[in-house]
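Structural features, examined
Residue-level listing of the chains:
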Amino acid sequence: MFGNKIYPNKSDNLKGECCKILTSSSLGEKKILLRGIEPLAFFGAQDKNLKYLESLLESHIIARGDEIIIRGSSTQTEKAERIINELLQMANRNGFITIDDIDTVSRLTAVPGALLKPVEDQESIVLYTKHGYIKPKTEGQTRYFESSKVNDIVCAIGPAGTGKTYLAVAIAVSYLREKKVDRIVLCRPAVEAGESLGFLPGDYREKVDPYFQPLYDALFDMVPAEKLTKQMEANIIEVAPLAFMRGRTLNNCFVILDEAQNSTTAQMKMFLTRLGANSRAIITGDITQIDLPPKTESGLIQIQTILKGVDGIDFIYLADRDVVRHPLVRKIINAYENYAANGNRQS
């Protein structure tokens, strides 16, 4: 809260008029949640952004945790809400707002139709990043995202290019930003894709990093590099091989098992039993690309039978229509499926 001063840059007479408005029967209140935005990035150091914003608006603005409360007449609060929503979109795009941003948005409110074109449903947005926002692009991805909201374990199974891993990381990062969990743990089996890489030089991290590059790529898209480095050094975001999960209990975590088709049945059971209090998990995999030794059953295939119908666990199946990579990827997947359906015979 900013004390009793409502208009620090206005005259005393105007302050008096404002106080009358705020204590009259026309007083209204609106609340806006900073969804996925660091409060400091929006409020500014020592709330300087909100203090400046309040000096420009005919309403009282209160910062309470990750919530903004606007008080004033209905006209005043509606105007303040429009400006703050526009600033929130800027903060989501850029990671922060400045005094100059506040000036710009405030000036634009004087131009009819210059601000606040219809915005897509905020509930469909998974995460805001420096590049814009991440949201489901297909019907299958939408089911995937919605399922993650209500189930503690979601298994996303589908071919390459359907956004299984990328969407899982975005959901996990959103949970961390919104302080629904304390940590993210990303793991995958360290299995070579059909070729032997031989001895890899370096320490433990250098040996396993090549297997985790897809996860790193997603993280760098979603988290500023400096912040990501600090979070990984503090183990707030941890990347580890599946084999290293044994014996651990993961409390208050968002856990992702990527490339789960390459987990054995024993490894899958071990992973599923790591979840502790207030933890959630997403398991992703493509059962058409299994790199396990011959006659070794995939844990991802097995759990579809074992865990089918268990409350709190959901299986989402993505298909070629959910491919969001190059248009040729969908055609390639279809060609391979047709080849397999025809008994590997040339047509």
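Refer to the structure above for everything that follows.
Residues numbered from 1 in each chain as written. Predicted model: local features only at pLDDT ≥ 70, side-chain atom pairs only at ≥ 80, totals over all residues. Heavy atoms only, no water.

1. Digging into the overall build of the chain
Selection rule: Strands here are runs of E lasting at least two residues and helices are runs of H or I lasting at least four, both read from the DSSP assignment and numbered beginning at the N terminus. Only protein chains enter the area calculation, which uses a 1.4 Å probe; residues under 20% of their type maximum are buried, those over 50% are exposed, and those in between are partly exposed. In what follows, a contact means two residues having at least one pair of non-hydrogen atoms within 4.5 Å. Computed with a 1.4 Å probe, the accessible areas rest on the Shrake-Rupley method; for each residue, only the protein chains presented here act as cover.
Helix and strand content of the chain: 13 helices and eleven strands. Looking at the chain residue by residue over its 347 residues, the buried ones come to 44%. Taking contacts inside the chain between residues at least 6 apart in sequence as the whole, the part at least 24 apart equals 72%. Element-wise, carbon and sulfur atoms account for 52% of the exposed surface of the chain, whose accessible area totals about 18400 Å².

2. So, the pairing of strand β6 (residues 153–157)
Put simply, the test is: Pairing between strands is defined by DSSP: at least two bridges between the two strands are required.
Counting buried residues in β6 gives five out of five residues, a clear majority hidden from the surface. When β6 meets strand β10 (residues 280–285), the two strands line up parallel, connected through five bridges. Paired with Cys155 across the strands is Ile283, a residue of β10. Pairing analysis gives five bridges linking β6 to strand β11 (residues 313–317), with the strands arranged parallel. Opposite Cys155, over in β11, you have Phe315 as the bridge partner.

3. Details of the packing of helix α6 (residues 139–150) against helix α7 (residues 164–177)
Spelled out, the test is: Angular values range over 0 to 180 degrees, each being the angle between N-to-C directions of two axes fitted as lines to C-alpha atoms, with helices fitted over their stretch in contact. The hand of a helix crossing depends on one turn: near helix anticlockwise from the far one by less than a right angle means left-handed, and clockwise means right-handed. Gly is put with the polar residues, along with every residue not named as nonpolar or charged; the nonpolar set is Ala, Val, Leu, Ile, Met, Phe, Trp, Tyr, Cys and Pro, and the charged set is Asp, Glu, Lys and Arg.
At a minimum axis separation of 11 Å, α6 and α7 run at an interaxial angle of 35 degrees. By crossing handedness, the relation of α6 to α7 is classed as right-handed. For the pair α6 and α7, contact is made by Gln141, Tyr144, Phe145, Ser148 and Lys149 and by Lys164, Leu167, Ala168, Ile171 and Tyr175, respectively. Of the residues contributing to the contact of α6 with α7, the split by class is six nonpolar, two polar and two charged.

4. Here we look at the nonpolar core
Applicable threshold: Buried Ala, Val, Leu, Ile, Met, Phe, Trp, Tyr and Cys residues that are joined via side-chain atoms within 4.5 Å together make up what is termed a nonpolar core.
Judged by nonpolar contacts, the single largest core of 35 residues is most densely connected at Tyr144, Val169, Ile171, Val173, Leu186, Met222 and Phe254. Among the elements of the structure, α6, β6, α7, β7 (183–188), α9 (213–222), β8 (237–241) and β9 (253–257) are those that each provide at least two residues to this core. Considering every element that reaches this core, the biggest residue donor is α7, with nine residues. Here Met222 is in contact with Leu127, Thr129, Ile134, Tyr166, Val169, Ala170, Val173 and Arg177, once residues within four sequence places are set aside.

5. Focus: the packing of helix α11 (residues 265–272) against helix α12 (residues 299–306)
Contact geometry for α11 and α12: axes closest at 8 Å, N-to-C directions at 65 degrees. Crossing angle aside, the handedness with which α11 passes α12 is right-handed. For the pair α11 and α12, the contacting residues are Thr265, Met268 and Leu272 in the first and Gly299, Leu300, Gln302 and Ile303 in the second. Among the residues making up the contact of α11 with α12, the classes are represented as four nonpolar, three polar and no charged.

6. Notes on the side chain of Gln304
In this structure, Gln304 sits in helix α12. Apart from residues no more than four positions distant in its own chain, Gln304 is found in contact with Ile157, Ile287, Phe315 and Tyr317.

7. A look at the sheet that holds β9
For sheets, the rule is that strands pair by backbone hydrogen bonds, running either parallel or antiparallel. With respect to topology, six strands assemble into an open sheet ordered β8-β7-β9-β10-β6-β11, the strand pairing being parallel. Across the chains shown, the open sheet's two edge strands, defined by having one partner strand only, are β8 and β11. Neighbour to neighbour, the strand axes of the sheet diverge by 15 degrees on average, direction disregarded. α9 contacts β7 and β8 of the sheet and is inclined by roughly 150 degrees relative to β7.

8. Observations regarding the packing of aromatic side chains
Quick reminder of the rule: Here is the rule: rings of Phe, Tyr and Trp (six-membered ring for Trp) pair when centre to centre is within 6.5 Å. Planes less than 30 degrees apart are stacked, more than 60 are edge-to-face, and the remainder are tilted. A ring has a charge above it when a Lys NZ or an Arg CZ is no more than 6 Å from the ring centre and no more than 35 degrees off the ring normal.
Within the structure shown, the criterion is met by two aromatic pairs. Judged by centre distance (6.2 Å) and plane angle (75 degrees), the rings of Phe42 and Phe43 are edge-to-face. For Phe42, a relative accessible area of 0% puts it in the buried group. In this structure, Lys180 packs its charged tip against the face of Tyr175, placed 4.8 Å from the ring centre.

9. Re unusual backbone geometry
Peptide bonds are trans in most cases, and residues, glycine excluded, mostly fall at negative phi. Non-glycine residue Asn278 carries a positive phi angle of around 55 degrees. Of note, Asn278 is situated in the loop between α11 and β10. Despite not being glycine, Lys295 shows a phi value in the positive range, around 70 degrees. Turning to its location among the elements, Lys295 is positioned in the loop between β10 and α12.

10. Looking at α9
Here is the rule: Starting at the helix axis, one direction is taken to each C-beta atom, and the arc is that of these directions.
For α9, every residue scored as buried is listed here: Leu215, Tyr216, Ala218, Leu219 and Met222. Down the axis of α9, the sector holding all buried residues measures 160 degrees, keeping them to one side.

11. A short note on the sheet that holds strand β3 (residues 67–73)
One open sheet holds the three strands; their spatial order is β1-β3-β2, and the pairing between them is antiparallel. Of all strands in the sheet, those with a lone pairing partner are β1 (27–33) and β2 (60–64), marking the two edges. Along the sheet, successive strands turn relative to each other by an average axial angle of 20 degrees, direction set aside. Where β1 lies against β3, seven bridges are found, and the strand directions are antiparallel. Looking across to β3, one finds that Leu33 is bridged to Glu67.

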